[in-house]
Amino acid sequence: MFKVGIPRALSYYQYLPAWKAFFEALGAETVVSPPTNKAIFTTGNSRAVAETCLPVKLFFGHVISLANRCDYMFIPAMRSLGKKAYYCSKFIGLPDMTRALVPECPPILDPEVDLNKGRRSLYRAIYNLGCHFSSDKSKIKKAVEQAEKAHLAYRKEMSDRGITPIQALDGGKSYLEPDISPSLSVAVVGHQYVIYDDYINHRLISRLQAMGVRVFTPEMAEQEALDIAMTKLGGAPHWSFEADIIGAGEYYLEAKVDGIINVAVFGCGPDSMMIDMVRHRASKFRTPFLHLSLDEHTSEGGLVTRLEAFLDMVKRKGRICA
Ligand code: SF4
């Protein structure tokens, strides 16, 4: 049985159930890298050029950790998932960058995901991917259907139950009812690969929960609601991530959360444009806003201090308005 490696980084948080369903329906086994740790962080960092953003450096670390455990590495070239809404250039160039920087990587499966070229072109790319494992056309078609079904069920589970991708992926095992009923509600918006990677964000979500905060993240809302909030504000998106940042920010501001935390990555071009819009809307709603910019030097102590100061401000504002 062929083993397909899936790095626990970037699009993993969004699409793992779909990818797993697809490969397993074709008789392949999927192998996922472990959660980010110091070794992954260090090896990824050492391969990439300094200007590369932290999530992409981590991605290389995850690829290296899987390199001798699989027959193929799955790294789709993500270009666009909507009409004229693009992924950043680093996503597009990911398979080529990996080939250049991680020579020990096994053969890369790199279907091009570009909805701008139409659904036919996407299905052709997926079909060619399936041909690595089966020559049976109907089997590949069934695998695509199972992948779509798994993706919809995953997205629905998160919005219906108000849980994160991590909780949905581990079957709810890490979901704990809070001991105390939270007194504050805060929305954390940003890329999934930043807000759910506990190594780089220093356990932001569980830390907030331990501080008595009810945390909301983009996946806890229905995709359609995020799309509507995003379009109302900025029209058709230019970046594929706008629903998770601008849409989620607006959605939770309208839902009257007590505060918004925008977690971004230092040096990320798309983030720098989207953050200003969320910050501007938060000031219109008079909702406290915190911008956290993470890089490889972000210290845990500094992050905790900023969180505590922010929550003090949120509480003070609540008292003034009460
Ligand atoms: S969107 Fe930003 S953080 Fe994400 S891969 Fe591109 S540059 Fe890096």
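Provided above is the structure to which this section pertains.
Residues numbered from 1 in each chain as written. Predicted model: local features only at pLDDT ≥ 70, side-chain atom pairs only at ≥ 80, totals over all residues. Heavy atoms only, no water.

## What to know about the pairing of strand β8 (residues 184–190)
Across the 7 residues that make up β8, a large majority, 7, are buried. Burial of the side chains of β8 extends over both faces: Leu 184, Val 186, Val 188 and Gly 190 are buried on one face and Ser 185, Ala 187 and Val 189 on the other. Looking at chain direction, β8 and strand β9 (residues 213–216) are connected through 4 bridges and run parallel. The residue of β9 that forms the bridge with Ala 187 is Phe 216. Alignment of β8 against strand β10 (residues 259–265), held across 5 bridges, turns out to be parallel. For Val 186, the partnering residue across the bridge sits in β10 and is Gly 259. (Buried < 20%, exposed > 50% of the residue type's maximum accessible area, 1.4 Å probe, protein only. Helix = DSSP H or I, 4+ residues; strand = E, 2+ residues; numbered from the N terminus. Pairing = 2+ DSSP bridges.)

## A short note on the side chain of Thr 52
If you trace the backbone, Thr 52 turns up in the loop between α2 (38–47) and α3 (54–66). Side-chain polar atoms of Thr 52 contact the backbone oxygen of Val 49, separated by 2.9 Å. The contact partners of Thr 52, leaving out residues within four places of it in the chain, are Lys 57 and Lys 90. (Polar contact = N/O pair within 3.5 Å; in protein donor to acceptor, adjacent residues only side chain to side chain. Contact = heavy atoms within 4.5 Å.)

## Let's talk about the pairing of strand β11 (residues 289–294)
Where β10 and β11 come together, 6 bridges link them in parallel fashion. When the bridges of β11 are listed, Val 263 appears paired with Leu 292. Taking the sense of rotation as the criterion, the β-α-β connection linking β10, helix α14 (residues 269–285) and β11 turns out right-handed. (Right-handed = clockwise from strand over helix to strand, strands pointing away.)

## Section: the sheet that holds β9
An order of β9-β8-β10-β11 is seen for the 4 strands of this open sheet, with the pairing classed as parallel. What marks the edges here is a single partner per strand, and that holds for β9 and β11. Adjacent strand axes in the sheet meet at a mean angle of 25° when their direction is disregarded. (Axes fitted to C-alpha atoms, helices over the stretch in contact; angles between N-to-C directions.)

## Comments concerning the site of the ligand
The full set of residues close to the ligand is Cys 53, Pro 55, Val 56, Cys 88, Lys 90, Phe 91, His 191, Tyr 193, Phe 241 and Cys 268. Counting only elements with at least two residues in the shell around the ligand, the list comes to α3 and α4 (89–92). Here the residues of the shell around the ligand sort into 8 nonpolar, 1 polar and 1 charged. (Near = heavy atom within 4 Å. Nonpolar A, V, L, I, M, F, W, Y, C, P; charged D, E, K, R; others polar.)

## Considerations on the sheet that holds strand β1 (residues 3–6)
Overall, parallel pairing links the 4 strands, which are arranged β2-β1-β3-β6 in an open sheet. Here the strands that pair on one side only, and so sit at the sheet edges, are β2 (29–32) and β6 (108–109). Packing of helix α1 (residues 12–25) onto the sheet brings it into contact with β1, β2, β3 (72–74) and β6, and relative to β2 it is tilted by some 155°.

## Quick word on α14
With 17 residues, α14 should reach 24 Å at 1.5 Å per residue; the first-to-last C-alpha distance of 26 Å fits that figure. When we look at burial in α14, the residues that qualify are Pro 270, Asp 271, Met 274, Ile 275, Val 278 and Ala 282. On an axial view of α14, the arc spanned by its buried residues comes to 110°, and they lie on one face. Turned more than 90 degrees away from the buried face of α14, the exposed residues are Met 273, Ser 283 and Lys 284. Residues of α14 that are buried sit in contact with α13 (242–254), β10 and β11. Directly after α14, the chain includes Arg 286, whose backbone phi takes a positive value near 55°. (Expected span 1.5 Å × (residues − 1). Arc of directions from axis to C-beta.)

No statement about biological role is implied by the geometric values presented.
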